Amino acid sequence: MGSMPPFQGQSPYPRDQVNVPPGGSAEKLEALGSGYHGLNLVFVGNIVVALGINLFARSTEGDLGAGVIILGLFALMGVGVAFATFPQNKKIGFGLDWQPSGAIIASILMGLNSALCCGVIGYVVMQQLAGNRMKQYGLRTGFLGVKKADIAARVSELRQSPAGSPPPMF
């Protein structure tokens, strides 16, 4: 007995895995998670350096020479943030299928924005982009973001599931 033809509106090819975005993979999800959580550490460092500069500025009120030093410190902080965020943005860019220049541009913008509110807008935007893509893998984001354990479990699940067969639903 031969196989039945597909119903009208259906096709005979195997379906993609459930909760894997087009072009998605375990490696891309792992990179997204690593970049997502790596930005947290850079943000904390940004806050610490900005607070240090602020304390220095308050201790030297009215000194013109100190003002120039403070501006220089903010410029150095911006360069430091750009370099520190690049590896994380590169991982997120890989997970989002960006061109290599996307991570460079994001890091430069985050460095420029680092002196204003410790660059919180740049960090939020990058983590939002990564979080939205991770949701397409079936992960849930909570108040404090996506849990590392959930990412690791989903990556493991994707690596163990044979191509073409859907993994178990959550």
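Coordinates for the structure precede this section.
This structure is a prediction, so every number in the text was calculated from the model and none was measured.

**Q** Let's hear about the overall build of the protein: which residues, and what values?
**A** Regarding its fold elements, the protein presents five helices and zero strands. Here the protein, with 170 residues, has 36% of them falling under the buried criterion. Relative to all contacts within the protein whose residues are 6 or more apart in sequence, the contacts with residues 24 or more apart total 74%. Of the roughly 10700 Å² that the protein leaves accessible, carbon and sulfur atoms contribute 67%.

**Q** Please set out the nonpolar core residue by residue, giving values where relevant.
**A** Core analysis: the largest hydrophobic core is formed by 27 residues, its most contacted members being L29, L32, I92, M134 and I151. For this core, the elements supplying multiple residues, two or more each, are α1 (26-59), α2 (64-95), α3 (100-113), α4 (120-135) and α5 (148-160). Here the element with the most residues in this core is α1; it accounts for eight residues. Discounting chain neighbours no more than four positions away, the residues touching M134 are L29, L32, G33, Y36, L139, V146 and I151.

**Q** Go over the environment of G131, please, and point to the residues and values.
**A** Assignment of secondary structure puts G131 in helix α4. For the pair G131 and T141, spaced ten residues apart in sequence, the C-alpha to C-alpha distance is 7.0 Å. With sequence-adjacent residues up to four places away left out, G131 is seen in contact with Y36 and T141.

**Q** Summarise unusual backbone geometry; cite the residues concerned and give the values.
**A** Within the chain, D97 stands out as a residue other than glycine whose phi angle is a positive 65 degrees. In this fold, D97 is placed in the loop between α2 and α3.

**Q** Provide a residue-level description of the pattern of salt bridges, including the pertinent values.
**A** Proximity of charged atoms lets side chains of opposite charge pair with each other. One pass over the structure, following the stated rule, counts five salt bridges. Across the salt bridge formed by K28 and D97, the nearest N and O atoms sit 2.4 Å from each other. You can see K28 sitting in helix α1 and its partner D97 sitting in the loop between α2 and α3, a full 69 residues away along the chain. A salt bridge links R154 to E157; its shortest N-O distance comes to 2.5 Å. Of the two residues, R154 and E157 both sit in helix α5, three residues apart, roughly one turn of that helix. For the pair R154 and E157, one class covers both residues: buried. Where salt bridges share partners, they join E27, E30 and R159 into one cluster.

**Q** Please provide a residue-by-residue account of the environment of E30, values included.
**A** Along the chain, E30 turns up in helix α1. Assessed through its relative accessible area of 39%, E30 is described here as partly exposed. Sequence separation between E30 and I92 is 62 residues, and the spatial gap between their C-alpha atoms is 9.5 Å. Non-local contacts of E30, meaning those with residues more than four positions away in its chain, are made with V155 and R159.

**Q** Please give an account of the packing of α1 against α4 that cites residues and values.
**A** Each packed pair of helices is defined by two parameters, the angle between the axes and the distance between the axes. Interhelical geometry of α1 versus α4 gives an angle of 160 degrees and a closest axis separation of 10 Å. Of the possible angle classes, the one that applies to α1 and α4 is roughly antiparallel. The interaxial crossing formed by α1 with α4 has left-handed handedness. Here L29, L32, G33, Y36, L39, N40, V42, F43 and N46 of α1 lie close against α4, whose contacting residues are V120, Y123, M126, Q127, A130, G131, R133 and M134. Grouping the amino acids of the contact of α1 with α4 by side-chain chemistry returns eleven nonpolar, five polar and one charged.

**Q** I'd like to hear about the packing of α1 against α5, residue by residue, with values.
**A** Where α1 contacts α5, the two axes come as close as 9 Å, and the packing angle between them is 170 degrees. Judged on the interaxial angle alone, α5 and α1 are roughly antiparallel. Of the two elements, α1 crosses α5, and the hand of that crossing is left-handed. Packed against α1, whose contacting residues are A26, E27, L29, E30, G33 and H37, the element α5 presents K148, I151, R154, V155, L158 and R159 at the interface. Residues belonging to the contact of α1 with α5 are distributed by class as follows: five nonpolar, two polar and five charged.

So, how was this worked out
- Residues numbered from 1 in each chain as written.
- Predicted model: local features only at pLDDT ≥ 70, side-chain atom pairs only at ≥ 80, totals over all residues.
- Heavy atoms only, no water.
- Helix = DSSP H or I, 4+ residues; strand = E, 2+ residues; numbered from the N terminus.
- Buried < 20%, exposed > 50% of the residue type's maximum accessible area, 1.4 Å probe, protein only.
- Contact = heavy atoms within 4.5 Å.
- Areas by Shrake-Rupley, 256 points an atom, 1.4 Å probe, with all protein chains shown as cover.
- Core = buried A, V, L, I, M, F, W, Y, C linked by side-chain atoms within 4.5 Å.
- Salt bridge = Lys/Arg side-chain N within 4 Å of Asp/Glu carboxyl O.
- Axes fitted to C-alpha atoms, helices over the stretch in contact; angles between N-to-C directions.
- Parallel < 35°, antiparallel > 145°, perpendicular 65-115°, else oblique.
- Left-handed = near helix turned anticlockwise from the far one by under 90°.
- Nonpolar A, V, L, I, M, F, W, Y, C, P; charged D, E, K, R; others polar.

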